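# Coordinate analysis (summary)
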Amino acid sequence: MRVLVIEDDEELAETVAVGLRQAQMAVDVALDGEAGLTSAFVHEYDVIVLDRDLPAIHGDEVCARLVAAGGRSRVLMLTGAAENEDLIDGLGLGADDYLAKPFDFRVLVARIGALARRAQPSIPPVLEHGDVVLDTAKRCAHRAGRPLVLRPKEFGVLEQLLAAQGRVVSAEELLERVWDETVDPFSATVKITISRLRAKLGQPPLIETIAKAGYRI
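The sections below set out a description of the structure shown in this document. Bear in mind that the values here come from a model prediction, so they are computed numbers and not experimental data. (Residues numbered from 1 in each chain as written. Predicted model: local features only at pLDDT ≥ 70, side-chain atom pairs only at ≥ 80, totals over all residues. Heavy atoms only, no water.)

## Section: the sheet that holds strand 2 (residues 26-30)
Strand pairing in a sheet takes place through backbone hydrogen bonds and is either antiparallel or parallel in direction. Note the threshold: Note on pairing: two strands pair once DSSP finds at least 2 bridges between them. Helix and strand assignments come from DSSP, with helices taken as H or I runs of at least 4 residues and strands as E runs of at least 2, each series counted from the N terminus. Angles shown run from 0 to 180 degrees and are taken between the N-to-C directions of axes, each axis being a line fitted to C-alpha atoms and, for helices, limited to the stretch in contact.
Pairing within the open sheet is parallel, and its five strands lie in the order 2-1-3-4-5. The open sheet has two edge strands with one neighbour each: strand 2 and strand 5 (97-100). Taking each pair of neighbouring strands and ignoring which way they run, the sheet shows an average axis angle of 20 degrees. Pairing geometry for strand 3 (residues 47-51) and strand 4 (residues 74-79), over five bridges, is parallel. By the bridge assignment for strand 4, I48 is matched with V75.

Dropping the structure here:
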């Protein structure tokens, strides 16, 4: 799952980003509305966490532009106000959810997960293939009843491959969906992660490499 946090409070933005990464999400951060829109139009995010009171371009305008662009990203709007009028305004602009500050971080994670499952195409909360089960809400995976101890990127790759339902997923698509903007697109990151994931999944082999195309389950 890939998330963009648009928040002008640098300390809060970094705190949220660190917490979401610990929850096995790939996270990019933008500190104003203009930078946020640039990232949103360059990369494909499952969820955009958007502060309403932003410099450069106000959060309301950012939300309106995102909705007008018709992307798949779901928007969770943050605000320092908890009045019903603010909630109505935010949802009226096209935001998919609304959370007032200060918030319980566990609630933020749960709402991001719920929004990601509503992205287009939607991802079921539990993905299964044969004896492999991955729970996107609980962020855990098993094979034949055996817990899989996965690093965040390994979990993300397995999630994308299972969600593809047999479709070949390219290395480029995995980089876009699982890693953040700091990754080197010319590195062997995907190949290394696939190798580690295969070892943890065990036998019989589950992930197939399709020459010059990508990977599939």
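## What to know about the environment of E172
Heads up, the condition is: Relative accessibility under 20% of the residue-type maximum defines a buried residue, over 50% an exposed one, and the middle range a partly exposed one, all with a 1.4 Å probe and only protein chains included.
Note on placement: E172 falls in helix 7 (residues 171-178). On the basis of relative accessibility, which here comes to 57%, the residue E172 falls in the exposed class.

## Notes on the packing of helix 6 (residues 152-163) against helix 8 (residues 189-201)
Keep this limit in mind: Orientation labels follow simple angle bins: below 35 degrees gives roughly parallel, above 145 gives roughly antiparallel, 65 to 115 gives roughly perpendicular, and whatever is left gives oblique. By definition in these notes, contact holds between two residues if any of their heavy atoms fall within 4.5 Å. Residues were grouped as follows: Ala, Val, Leu, Ile, Met, Phe, Trp, Tyr, Cys and Pro as nonpolar; Asp, Glu, Lys and Arg as charged; and all remaining residues, including Gly, as polar.
Helix 8 packs onto helix 6 with a crossing angle of 85 degrees between their chain directions and a minimal axis gap of 9 Å. Considering their axes alone, helix 6 and helix 8 lie roughly perpendicular with respect to each other. Taken together, the residues of helix 8 that come into contact with helix 6 (itself represented by K153, E154, V157, L158 and L161) are T193, I194, R196, L197, K200 and L201. A per-class count over the contact of helix 6 with helix 8 returns six nonpolar, one polar and four charged.

## Some words on the side chain of D135
Where we set the bar: A positive count includes Lys and Arg, and a negative count includes Asp and Glu. His and the chain ends are not counted in either. One side-chain nitrogen of Lys or Arg within 4 Å of one carboxyl oxygen of Asp or Glu is enough to make a salt bridge. Polar contact is the term for a pair of N or O atoms within 3.5 Å; when the atoms are in protein, one must be able to donate a hydrogen and the other to accept it, and sequence-neighboring residues count only if both atoms are side-chain atoms.
By the element assignment, D135 lies in strand 7 (residues 132-135). No salt bridge is formed by the buried D135, whose closest oppositely charged neighbour, K138, lies at an N-O distance of 4.6 Å. Among the polar contacts made by the side chain of D135, one reaches the main-chain amide nitrogen of K138 at a distance of 2.9 Å. Residue contacts for D135: discarding those within four places in its chain leaves P125, V126, C140 and F155.

Everything listed is a geometric property; what it means functionally is a separate question.
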